[in-house]
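Geometric and topological summary
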Amino acid sequence: RRLDELGLSWPRYERLVPAALANDTPALSEVLRQTLRVVSRPDEQPTARPQKLAVKQSALTWLWESRARTTKDDWLEWMSRLAVELLRESPAPALRACAPVAQMHPPLARRLFQVAFLACWAELDGTARASLVASLEAAFVSPSTPPEILLPLLALSEFMERNDHPLPIPARTLADVATQCGATSKALHFREAEFHSCRAPLGSARLVEALVYLHNNLKQPEAALGVLQAAQEHYALQVKLSWLEKLGRWHDALQVYERSPPRGEFALGRLRCLSALSEWSQLARASEAVWLHMSHTQQLEAAPLVAAARWHCQQWEAMELVARLIPSDTYEGGFYRAVLATHRRRYEAAR
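Small disclaimer: the values here were computed from a predicted structure and weren't measured.

Brief notes about the nonpolar core
- Counting residues in hydrophobic clusters, the biggest one holds 90 residues, and the most contacted among them are Trp78, Phe117 and Leu153.
- No other element matches helix α5 (residues 72–88), which puts eight residues into this core.

So this is what it looks like as structure tokens:
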């Protein structure tokens, strides 16, 4: 009645009301099915995907130039402006819309830096890409670049690699920078990439030592040992004794040292192995046999090892002689002098 008063009509409603009053279930179902078909096929066309926006390469080229930066503040300003401008020139409308907010809220610019860089990189020509890579390399090798800049750039390199757009920057450069920043995991990733791309035997030896060092720092001795085995099998590299010592394989290193001439660095290495294995009596006897075959510098390095062996063997007079070679202002020199003073009951001197 109210619809009639207002002069309103709706065909589906007019068919639905009689069916509802007559409790005609099939008619009600038919009307509802027709309504659902209309709703599921709207007349509107699907929204078109947004078109890419043009990237002004000239506006970015002068901005990413990094050679004029000399202080930490210069680099921080460079990174901040680059992150915002990459958003401002991004071909993606969604990213470009974030530029005004990112300019007022720097954490947003840092959060979107990698995505904005990838979006712009895909639109750059060869010349612009070469210029951008040169600026990034200059930032990596500059002595004034702070870790606050180097770490995000290293993360950017990994991000581009994961997205099948690796930056043409030498893996050795990236590994050196990661090692400098203390980013051991990143350094290992880039050092492994350098190792697999290296074909020179001498370069492989250098890389093997670096990989052993990194695996040891990451508490992965099994992986470090696997690197040595692979180097022997595939590259025919001679395993250095220093690598065995870094891996803590003191027995293996000691066997090699014992087959070597008992002089110089071989003698010092043997003493290091015996000290690590706590073979104090054998160390004391070995030091007597090789002491005269060692240089003065090597004797100074071996003095703390020999002093410890003399102490454990309770050879006090021999310990005093070797302890004199250790500077008194060092921890070890003061410690062994205190041990000797305590043995003689000179407690005031020991303090």
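Focus: the pattern of salt bridges
- Scanning all chains against the criterion turns up 11 salt bridges.
- Note that glutamate 148 and lysine 72 form a salt bridge whose closest N and O atoms lie 3.2 Å from each other. Taken together, the residues span a long stretch of sequence, with glutamate 148 in helix α11 (residues 147–162) and lysine 72 in helix α5 at a distance of 76 residues.
- When its relative accessible area of 42% is taken as the criterion, glutamate 148 is described as partly exposed.
- A salt bridge links glutamate 85 to arginine 88; its shortest N-O distance comes to 3.1 Å. Placement of the pair is glutamate 85 and arginine 88 together in helix α5, with a separation of three residues, close to one helical turn.
- Given the relative accessible area of 21%, glutamate 85 is considered partly exposed.
- Among the residues examined, arginine 88 registers a relative accessible area of 29% and is labelled partly exposed.
- Sharing partners across several salt bridges, the network here consists of Asp176, Arg191 and Glu194.

Quick look at the confidence of the model for the chain
- Mean pLDDT over the chain: 83, with 89% of residues reaching 70 or higher.
- At the low end of the mean pLDDT range in the chain sits helix α1 (residues 2–6), at 66; at the high end sits α11, at 94.

A few points about the side chain of arginine 310
- Mapping arginine 310 onto the fold places it in helix α20 (residues 296–312).
- Here arginine 310 is in contact with Ala284, Ser287, Glu288, Gln315, Ala318 and Met319, once residues within four sequence places are set aside.

Let's talk about the layout of surface pockets
- Considering only enclosed or pocket space, the largest pocket measures out at about 280 Å³ in volume.
- What lines the largest pocket is a set of 13 residues, among which Met79, Ser80, Arg110, Glu148 and Pro152 lie closest to the centre.
- If you list the elements that add at least two residues to the lining of the largest pocket, you get α5, α8 (106–111), α9 (113–121) and α11.
- Each residue belonging to the lining of the largest pocket can be placed in one class, and the counts come to nine nonpolar, two polar and two charged.

With respect to the packing of α5 against α11
- In contact at an axis separation of 9 Å, α5 and α11 are set at 35° when each is read in the N-to-C sense. Residues Lys72, Trp75, Leu76, Trp78 and Met79 of α5 form the contact with α11, whose own contacting residues are Glu148, Ile149, Pro152 and Leu153.
- Considered class by class, the residues forming the contact of α5 with α11 number seven nonpolar, no polar and two charged.

Structural notes on unusual backbone geometry
- Positive phi, normally seen in glycine, also occurs at aspartate 164, with a value near 65°.
- With respect to the secondary-structure elements, aspartate 164 resides in the loop between α11 and α12 (171–181).
- With relative accessibility at 65%, the residue aspartate 164 sits in the exposed group.
- Positive phi is not limited to glycine here, since glutamine 314 has a value of about 60°.
- Tracing the backbone shows glutamine 314 in the loop between α20 and α21 (316–323).
- By relative accessible area, which is 57% here, glutamine 314 ends up exposed.

A word on helix α17 (residues 250–258)
- Taken together, the buried positions of α17 are Ala253, Leu254 and Tyr257. For α17, the buried positions fall inside an angular range of 100° around the axis, keeping them on one side.
- Of the surrounding secondary structure, the elements contacted by the buried residues of α17 are α16 (241–246) and α18 (264–276).

Digging into the packing of aromatic side chains
- All chains considered together, the criterion is met by eight aromatic pairs.
- Centre to centre, the rings of tryptophan 75 and tryptophan 78 are 5.5 Å apart; their planes meet at 85°, and the pair counts as edge-to-face. Of this pair, tryptophan 75 and tryptophan 78 both sit in helix α5, three residues apart, roughly one helical turn.
- Overall, the relative accessible area of 2% leaves tryptophan 78 in the buried class.
- The interplanar angle of 80° and the centroid separation of 6.5 Å between the aromatic rings of tryptophan 311 and tyrosine 336 together place this pair among those described as edge-to-face.

Reading the values: the criteria
Residues numbered from 1 in each chain as written. Predicted model: local features only at pLDDT ≥ 70, side-chain atom pairs only at ≥ 80, totals over all residues. Heavy atoms only, no water. Core = buried A, V, L, I, M, F, W, Y, C linked by side-chain atoms within 4.5 Å. Buried < 20%, exposed > 50% of the residue type's maximum accessible area, 1.4 Å probe, protein only. Helix = DSSP H or I, 4+ residues; strand = E, 2+ residues; numbered from the N terminus. Salt bridge = Lys/Arg side-chain N within 4 Å of Asp/Glu carboxyl O. pLDDT = per-residue confidence, 0-100. Contact = heavy atoms within 4.5 Å. 1 Å grid on protein atoms, 1.4 Å probe; cavity = no way out; pocket = protein on both sides within 12 Å on 5 of 7 lines; lining within 4 Å. Points joined across faces, edges and corners; volume = space filled by probe spheres on them. Nonpolar A, V, L, I, M, F, W, Y, C, P; charged D, E, K, R; others polar. Axes fitted to C-alpha atoms, helices over the stretch in contact; angles between N-to-C directions. Arc of directions from axis to C-beta. Phe/Tyr/Trp six-rings, centres within 6.5 Å; stacked < 30°, edge-to-face > 60°.

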